[in-house]
Amino acid sequence: TRDYSNKSKRKAENCGLFNPYVNAVYAAKYLKYQLKRYKHNWINAIAAYNTGTVKTCTSGWVHNAHGKKIYRCTIGSLLNDKYVDKVVKAIEEQR
């Protein structure tokens, strides 16, 4: 095990996640976790993969971390529906 308690050692070259293979393996595991969590609902799993949990629009606006309005959303829709749409489109293009 590597010791990362020393901040000077926390560099990209010391982190296995910067290895594309390792990163892809963990990404696949995380997506599998989200699929199981959301009972194989791909849309919700993709949304949760991006945001941690499924988050829906309640105010008509998507806000950034500082509370600033970024763009409008439809109440009841996924907050990150643009991201989900891009991913679904990319998957369909690969078929």
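These numbers were taken from a predicted model, which means no experiment stands behind them.

Conventions used here
Residues numbered from 1 in each chain as written. Predicted model: local features only at pLDDT ≥ 70, side-chain atom pairs only at ≥ 80, totals over all residues. Heavy atoms only, no water. Helix = DSSP H or I, 4+ residues; strand = E, 2+ residues; numbered from the N terminus. Buried < 20%, exposed > 50% of the residue type's maximum accessible area, 1.4 Å probe, protein only. Contact = heavy atoms within 4.5 Å. Areas by Shrake-Rupley, 256 points an atom, 1.4 Å probe, with all protein chains shown as cover. Axes fitted to C-alpha atoms, helices over the stretch in contact; angles between N-to-C directions. Parallel < 35°, antiparallel > 145°, perpendicular 65-115°, else oblique. Left-handed = near helix turned anticlockwise from the far one by under 90°. Nonpolar A, V, L, I, M, F, W, Y, C, P; charged D, E, K, R; others polar. Expected span 1.5 Å × (residues − 1). Polar contact = N/O pair within 3.5 Å; in protein donor to acceptor, adjacent residues only side chain to side chain.

When helices and strands are tallied, the protein chain shows 3 helices and 2 strands. For the protein chain, the sequential pattern of α-helices and β-strands runs α-α-β-β-α. Classification of the 95 residues of the protein chain by burial places 16% in the buried group. Looking at the protein chain alone, contacts between residues at least 24 apart form 21% of all its contacts between residues at least 6 apart. Here the protein chain has roughly 7700 Å² of accessible surface; of this, 56% comes from carbon and sulfur atoms.

So, on to the packing of helix α2 (residues 42–51) against helix α3 (residues 81–94). At their nearest, the axes of α2 and α3 sit 9 Å apart, and the two run at 120° to each other. When the interaxial angle is binned, α2 and α3 end up oblique. Once α2 is placed against α3, the crossing between them reads as right-handed. Note on element contacts: α3 touches α2 through Y83, V84, V87, V88 and I91, opposite I43, I46, A47, Y49 and N50. Here the residues of the contact of α2 with α3 sort into 9 nonpolar, 1 polar and no charged.

Before going further, it helps to spend a moment on helix α1 (residues 20–37). For α1, built from 18 residues, the straight-helix expectation of 26 Å at 1.5 Å per residue is met to within 8% by its first-to-last C-alpha distance of 25 Å. Two or three places before Y21, at the start of α1, stands the capping residue N19, its side-chain oxygen 2.8 Å from that residue's backbone nitrogen. A positive backbone phi angle near 50° is found at K39, which sits one or two residues after α1.

Relative to the helices and strands, R72 resides in strand β2 (residues 69–72). Spatially, the C-alpha atom of R72 lies 8.9 Å from that of S59, the residues being 13 residues apart in sequence.

On to the packing of α1 against α2, then. Running from N to C, α1 and α2 point in directions that differ by 130°, and their axes come no closer than 8 Å. With respect to their mutual orientation, α1 and α2 come out oblique. Between α1 and α2 lies a crossing of right-handed hand. Counted together, A27, Y30, L31, Q34 and L35 of α1 and W42, A45, A48 and Y49 of α2 form the full contact between these two elements. Classifying every residue of the contact of α1 with α2 by side-chain character gives 8 nonpolar, 1 polar and no charged.

Further remarks concern the side chain of N80. Position of N80 among the secondary structure elements: in the loop between β2 and α3. Engagement of the side chain of N80 in a polar contact is seen with the backbone oxygen of A47, the distance being 3.1 Å. A polar contact of 3.0 Å, which involves the side chain of N80, links it to the side chain of N50. Those residues in contact with N80, other than ones at most four positions away along the chain, are A47, N50 and T51.

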